[in-house]
Amino acid sequence: QVQLVESGGGLVQPGGSLRLSCATSGSIFSIYAVGWHRQAPGKQRELVARITSSGGTDYADSVKGRFTISRDNAKNTVYLQMNNLNPEDTAVYYCAAARLGWDYWGKGTLVTVSS
């Protein structure tokens, strides 16, 4: 089992920044990748960014150049730095870990971008 706990969400003005954290614990040696997903009201959940165990990263086109995913192996924590936020980024952000698929999920943290 793998446990994931997100933190760092909140209210931010358009153009602002937030950093989300995903603390992982449990059988993390079996994990291939950790990803940040988001679900906006009335929309399907989408993958925003992911980082593999070897450090490779991928981003959704909508966040490229604005969001950066990174990891601190000593702290077993994955971060999502979000810059130049806009109202369309408002969503619940979930951290998930993959072995074969996205097998483990956190409970999410709400990000609201509004003036």
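All values derive from a computational prediction rather than experimental measurement. (Residues numbered from 1 in each chain as written. Predicted model: local features only at pLDDT ≥ 70, side-chain atom pairs only at ≥ 80, totals over all residues. Heavy atoms only, no water.)

**Some thoughts on the sheet that holds strand β7 (residues 67–72)**
Pairing is antiparallel in the open sheet, where four strands are placed in the order β1-β3-β8-β7. Where the open sheet ends on each side, the last strands, each with one partner, are β1 (2–7) and β7. Taken pair by pair, the neighbouring strands of this sheet meet at an average axis angle of 20°, ignoring direction. (Pairing = 2+ DSSP bridges. Helix = DSSP H or I, 4+ residues; strand = E, 2+ residues; numbered from the N terminus. Axes fitted to C-alpha atoms, helices over the stretch in contact; angles between N-to-C directions.)

**Thoughts on the state of the cysteines**
Inspection of the entire model under this criterion finds one disulfide. One disulfide in the model links Cys-22 with Cys-95; its S-S distance is 2.0 Å. Since a negative S-S torsion denotes a left-handed disulfide, the Cys-22-Cys-95 link at about -75° is left-handed. Linking Cys-22 in strand β3 (residues 18–26) with Cys-95 in strand β9 (residues 91–98), this pair joins segments that are 73 residues apart in sequence. Under the relative-accessibility criterion, Cys-95 is labelled buried at 0%. (Disulfide = S-S within 2.5 Å. Buried < 20%, exposed > 50% of the residue type's maximum accessible area, 1.4 Å probe, protein only.)

**Things to note about the pattern of salt bridges**
Under the definition given, this model contains five salt bridges. Linking Arg-38 and Glu-46 is a salt bridge whose minimum nitrogen-to-oxygen distance equals 2.7 Å. Across the pair Lys-64 and Asp-61 runs a salt bridge, and its minimum N-O distance is 3.2 Å. With a relative accessible area of 64%, Asp-61 lands in the exposed category. Counted as one network, the salt bridges with shared partners bring together Arg-38, Glu-46, Arg-66 and Asp-89. (Salt bridge = Lys/Arg side-chain N within 4 Å of Asp/Glu carboxyl O.)

These results come straight from atomic positions and should not be treated as a statement about function.
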